[in-house]
Amino acid sequence: MEKIKLQTGSNQNCDIFVTHNLSHTPTFFQEYIAPTRRYMAVIDEKVEQLYGDLFPFEKIIFHADETNKSWTIAGEIIQQLIEKQADKDIFLLGIGGGITTDITGFVASIYKRGVDFGFIPTTLLAMIDAAIGGKNGLNILEFKNMVGTIRQPQWIYANTSFLKTFSKDKLYQGIPEMLKVFLIDGNDYFAAADFLVRQYNGELFATEEEVQQWIYFITKAIEIKCGFVRQDETDGGSRRLLNLGHTYAHAIEHCTQQYTHGEAVGIGLIFAAQQGDFPHLNHLIHTLQSCHLPCSLPTNLTIKDLHAAMLQDKKIKNQRLPFIILKDVGNVTFAEKQL
Ligand SMILES: NC(=O)c1ccc[n+]([C@@H]2O[C@H](COP(=O)([O-])OP(=O)(O)OC[C@H]3O[C@@H](n4cnc5c(N)ncnc54)[C@H](O)[C@@H]3O)[C@@H](O)[C@H]2O)c1
Ligand SMILES: [Zn+2]
């Protein structure tokens, strides 16, 4: 099992474990679950159906949908915690994809002014991105992540075996976030893109070598994100580079229900690449297309609609909207648009 230690500026420690074997799960719990403590889980209902037996905790079942990453549902979860007499010493687990980890992290940050929590991400996107770094949030009026806190989970247990219950297309919705971190970091972009396209055209996780490659790229992506979080936990500086593609992505998500977050990030990467005259734009588009990911806006959506949605972006300060521009592999910079 791979272990990455994330220690942040606020001195919160998070241990991140990456493994591929489902049978590691009970052993992991034996080590990390204190027998005398009360553990309660907010669990994605699909994950409960598929893997519920693996998680011997009191559970609050959550239907993972962007519209449920809301005040109303966060309030309902808090109400259930109160009804179940959850005290300040509980340990809250978020088990599921990024929608589930986001709302669980938010609830854990505010319930009784904050309780300990941990994540078991079960989607690729949550393993490499959403569960990592302590940012959590809720959508308001269909605008993404308009409220939130930054607070680190104590541990994250990422088991890539959970990914086997996805169809290839659903799994690959997390791929743009993976390409994003490798584009920013520079080192593994071409190798990762090549591997991901080959896996898309073949059978996923078919050989031990392929399993090990998935673990390698997932662990690398996590390490890259951790590097930014260590330097800039509160997102005032370098961590903002991880928003590559996201100004467009969030506006696309706001304007249409047609694309998931990951798919919208893929289109956002293309916009960021066009803005930066990225010399490998064709390679990027070819990679996304080869993984059956969308590369253009839905036909009923115009750039004008997107710009209108961007006016509500949470990153706007002094009427300036920040963008991250992709200039080359490993070369991203900040830019701003005056509104
Ligand atoms: N906090 C952060 O730093 C951060 C970073 C990136 C994204 N996000 C947020 O993450 C969210 C997207 O997360 P996501 O893509 O994981 O979506 P998600 O949580 O909706 O999960 C996608 C789908 O997969 C299903 N699912 C989950 N695990 C499964 C499994 N093992 N097998 C089969 N199906 C499974 C879920 O029920 C859901 O239908 C967005 O709200 C985005 O804003 C947050
Ligand atoms: Zn994202």
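Remember, it's a predicted structure, so these values are computed and weren't measured experimentally. (Residues numbered from 1 in each chain as written. Chains lettered and ligands numbered in written order. Predicted model: local features only at pLDDT ≥ 70, side-chain atom pairs only at ≥ 80, totals over all residues. Heavy atoms only, no water.)

1. Regarding the nonpolar core
The condition that has to hold: To form a nonpolar core, buried Ala, Val, Leu, Ile, Met, Phe, Trp, Tyr and Cys residues must be joined to one another through side-chain atoms within 4.5 Å. Throughout this description, buried means an accessible area under 20% of the type-specific maximum (1.4 Å probe, protein chains only), exposed means over 50%, and partly exposed covers the range between. Put simply, DSSP marks the helices as runs of H or I at least four residues long and the strands as runs of E at least two long, and each gets a number from the N terminus on. Contacts are assigned to residue pairs that have any heavy atoms within 4.5 Å of one another.
Residues Phe 55, Leu 81, Leu 92 and Trp 214 are the most contacted members of the largest nonpolar core, which totals 116 residues. By residue number, the principal contributor to this core is helix H9 (residues 208-231), which donates 11 residues. The residues contacting Leu 81, other than those within four sequence positions of it, are Met 40, Ile 60, Ala 86, Ile 90, Leu 92, Val 107 and Tyr 111.

2. Section: the pattern of salt bridges
Here is the rule we go by: The term salt bridge refers to a side-chain nitrogen of Lys or Arg lying within 4 Å of a carboxyl oxygen of Asp or Glu.
With the rule as written, the count across this model stands at 16 salt bridges. Among the salt bridges present, the one from Asp 102 reaches Lys 69, with a minimum N-O distance of 2.8 Å. Taken together, the residues Asp 102 in helix H4 (residues 98-110) and Lys 69 in the loop between strand E4 (58-62) and helix H3 (71-83) connect sequence positions 33 residues apart. For the residue pair Asp 102 and Lys 69, the accessibility class agrees, reading buried in each case. A salt bridge links Glu 253 to Lys 144; the nearest nitrogen and oxygen atoms lie 3.2 Å apart.

3. Remarks on the domain arrangement of the protein
Inclusion rule: Throughout, the edges of the domains are those of an automatic or database domain assignment.
Segmenting the protein into domains produces domain 1 (2-165) and domain 2 (169-338). Each of domain 1 and domain 2 has a C-alpha centre, and the two are 23 Å apart. In this assembly, 33 residues from domain 1 lie in contact with 32 residues from domain 2. Viewed at the interface, domain 2 and domain 1 are joined by 4 salt bridges.

4. Considering the environment of Gly 276
By secondary structure assignment, the location of Gly 276 is in the loop between helix H11 (261-275) and helix H12 (281-290). Separated by 260 residues in the primary sequence, Gly 276 and Ile 16 place their C-alpha atoms 34 Å from one another. Setting aside its immediate chain neighbours within four residues, Gly 276 contacts Ile 325, Leu 326 and Lys 327.

5. Focus on the site of ligand 1
Inclusion rule: Neighbouring residues are identified by heavy atoms, a residue being near a molecule or strand if any of them is within 4 Å of it. Two N or O atoms count as a polar contact when they lie within 3.5 Å, although within protein this holds only if one can serve as hydrogen donor and the other as acceptor, and sequence-adjacent residues are included solely when both atoms are side-chain atoms. Method for areas: the Shrake-Rupley scheme with a 1.4 Å probe, in which residue coverage is limited to the protein chains shown.
Asp 44, Glu 66, Gly 98, Thr 122 and Thr 123 are the nearest of the 25 residues found near ligand 1. Separating an oxygen atom of ligand 1 from a backbone N or O atom of Ile 99 is a distance of 3.1 Å. Measuring from a nitrogen atom of ligand 1, one finds a backbone N or O atom of Lys 135 at 2.8 Å. Notes on ligand 1: free accessible area 880 Å², of which the protein chains cover 87%.

6. What about the pairing of strand E11 (residues 331-338)?
We count it as follows: Two strands qualify as a pair provided DSSP detects at least 2 bridges between them.
Strand direction decides the pairing type here: strand E10 (residues 320-328) and E11, joined by 8 bridges, are antiparallel. When the bridges of E11 are listed, Leu 321 appears paired with Lys 337. Where E10 folds back onto E11 in an antiparallel hairpin, the turn is made up of 2 residues, including Gly 330, whose phi is positive at roughly 80 degrees.

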